[in-house]
Amino acid sequence: MSDYHELDNPIKEKKEKKGILQNFTTGIKNAPDTLFDDKDTKQKETKGIEKTLQNFSEEAPKTAVDGIVRGLVGFGSGIVNGVTGIVTEPMKEVKKRGAVGVLTGVGKGLTGLVTKPLAGVITLGSQTIQGVIFTPVTLVRQAGKLIYSEGDKQIEVETGKDPIFGIDHAESLKNATKVQIVHPAFTFINYIKSNGTDVRGIFRETGNVALVKDIINKYNAGKDADLKEAGIHEITGLLKAYIRMMPEPLFTFRLYRPILEIWRSENKDNCEAYSNLIKTIPFDNKTFLLLLFKMLEVIQDNAEVNMMTSSNLAIVFAPSLLRASPAEQLSMAAEMADIPDITAVVNFLIKNYKHIWA
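Residues numbered from 1 in each chain as written. Predicted model: local features only at pLDDT ≥ 70, side-chain atom pairs only at ≥ 80, totals over all residues. Heavy atoms only, no water.

A. Structural view of the overall build of the chain. A tally of regular secondary structure across the chain gives 17 helices and three strands. Within the chain, the proportion of its 358 residues that are buried is 42%. In the chain, the proportion of contacts linking residues at least 24 apart, taken out of those at least 6 apart, comes to 72%. Surface accessibility of the chain: about 19,400 Å² in total, with carbon and sulfur atoms responsible for 58%. (Helix = DSSP H or I, 4+ residues; strand = E, 2+ residues; numbered from the N terminus. Buried < 20%, exposed > 50% of the residue type's maximum accessible area, 1.4 Å probe, protein only. Contact = heavy atoms within 4.5 Å. Areas by Shrake-Rupley, 256 points an atom, 1.4 Å probe, with all protein chains shown as cover.)

Structure, rendered in structure tokens:
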């Protein structure tokens, strides 16, 4: 009976209606907490997952495939964050401002639905591009082995006690002297100059990967490999592998930015500016670069036959010759801007060989 009278009481009825509204808004306000029974644990887990994804997507990719995978992670994360934002953003605003915050939260959620996937698309592009940059110089060092990847081809070679491949050029020269063999890189260059100027698409093919691997292993074991079975594409593949396996590029990490700075300045066509920088390169590297660019000049002089212009040659060699150090953190904009500039600089150095290298 008493329940009946309480319901009929207009004052009590008004209070009950107000209570229902309060409970409704409070329920919405507390929804984020309700979703997670153990609030602190869930937040830590969520932050941990976000941090892992962030580290994964921000870490420099080692290959084009790796770059695509990392980019897809960022893209997927952007999609997920954008969609979940439609739910979580209104909840956050309700928790802060009450029912009034619903509209603000929905607005933020809808904005996130557009911007976060867009950020994911940018990440996808950035990581993929960065992966393409690093693909030619992908090296995985394991105990006694070196795994070298070029595009979709992978060569696993032995490092050996006194290796020729997979170390800096100056150390490689010392090891060749130590085991008393003629350094193969000079043999490769001379062979290509004599036999490769009229080969269509030279440097575009690696040749017989198994034979290339066998020759590298012999050199890294301190033996003078027999090159009689190797054709022009195997020799060009060996030269590219030698250059790309170097931990530090021939131009050195130190000159990466200064060279690009010249290219991006009003002195970009000033041959003397590049020549002055090249003079500061360590002697062994500089000597090898001189021979290499002379060979590239000869190849591009016969471009009507071999179809390898200076720009085509630059596409092949630029990523291996000019690289930023692993410690240097490149922004997305810098990565995207550096790709054409690196190629353009090497193209310029090939075309102007006589003025820069002489």
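After presenting the structure, the write-up continues.
B. Geometry of unusual backbone geometry. Positive phi, normally seen in glycine, also occurs at Q180, with a value near 60 degrees. With respect to the helices, strands and loops of the structure, Q180 is situated in the loop between α7 (169-178) and α8 (184-195). Here Q180 falls in the exposed class, since its relative accessible area comes to 73%.

C. Representation of α7 in the model. Turning to α7, its buried residues number three or more, namely H169, S172, L173, N175 and A176. Along the axis of α7, the buried residues cluster in a sector spanning 165 degrees; they form a single face. Among the exposed residues of α7, those oriented more than 90 degrees off its buried face are K174, T177 and K178. Q180 lies just past α7 and shows a positive phi near 60 degrees. (Arc of directions from axis to C-beta.)

D. Spotlight on the confidence of the model for the chain. The pLDDT averaged across the chain works out to 75; a share of 57% of its residues lies at or above 70. Within the chain, no element has a lower average pLDDT than helix α1 (residues 2-8), which sits at 39, and none a higher one than helix α13 (residues 283-301), at 97. Scored below 50 in pLDDT, residues 126-137 makes 41 contacts in the model with residues more than four places away or belonging to other chains. (pLDDT = per-residue confidence, 0-100.)

E. Molecular detail of the packing of aromatic side chains. By the definition in use, this model includes eleven aromatic pairs. Between F186 and F288, the aromatic rings sit 5.9 Å apart at their centres with planes inclined by 80 degrees, giving edge-to-face as the arrangement. Here F288 lies in helix α13 and F186 lies in helix α8, a separation of 102 residues in the sequence. Take F186: its relative accessible area is 23%, and that puts it in the partly exposed class. The exposure class of F288 is buried, given its relative accessible area of 0%. Considering the side-chain rings of F251 and F293, the 6.2 Å spacing of their centres and the 80 degrees angle between planes classify their relative orientation as edge-to-face. Placement of the pair is F251 in the loop between α10 (232-244) and α11 (256-263) and F293 in helix α13, with a sequence separation of 42 residues. Of the residues examined, F293 reaches a relative accessible area of 0% and is grouped as buried. Taken together through their ring pairs, the aromatic side chains of F165, F186, F188, Y219, Y242 and F288 make up a single cluster. The ring centre of W263 lies 4.2 Å from the NZ or CZ of K268, which sits over that ring. (Phe/Tyr/Trp six-rings, centres within 6.5 Å; stacked < 30°, edge-to-face > 60°. Lys NZ or Arg CZ within 6 Å of the ring centre and 35° of its normal.)

F. Just the pattern of salt bridges, in detail. Enumeration according to the criterion identifies eight salt bridges in this entry. Close ionic contact of K174 with E171 constitutes a salt bridge, the shortest N to O distance being 3.6 Å. You can see K174 and its partner E171 sitting in helix α7, three residues apart, about one turn around the helix. For K174, a relative accessible area of 52% corresponds to the exposed category. Residue E171 is classed as partly exposed on the basis of its relative accessible area, which comes to 40%. For the salt bridge of D214 with K218, the shortest nitrogen-to-oxygen distance reads 3.6 Å. Pair noted here: D214 and K218 are both in helix α9 (residues 209-220), with a separation of four residues, about one helical turn. The partly exposed category is assigned to D214, whose relative accessible area is 35%. (Salt bridge = Lys/Arg side-chain N within 4 Å of Asp/Glu carboxyl O.)

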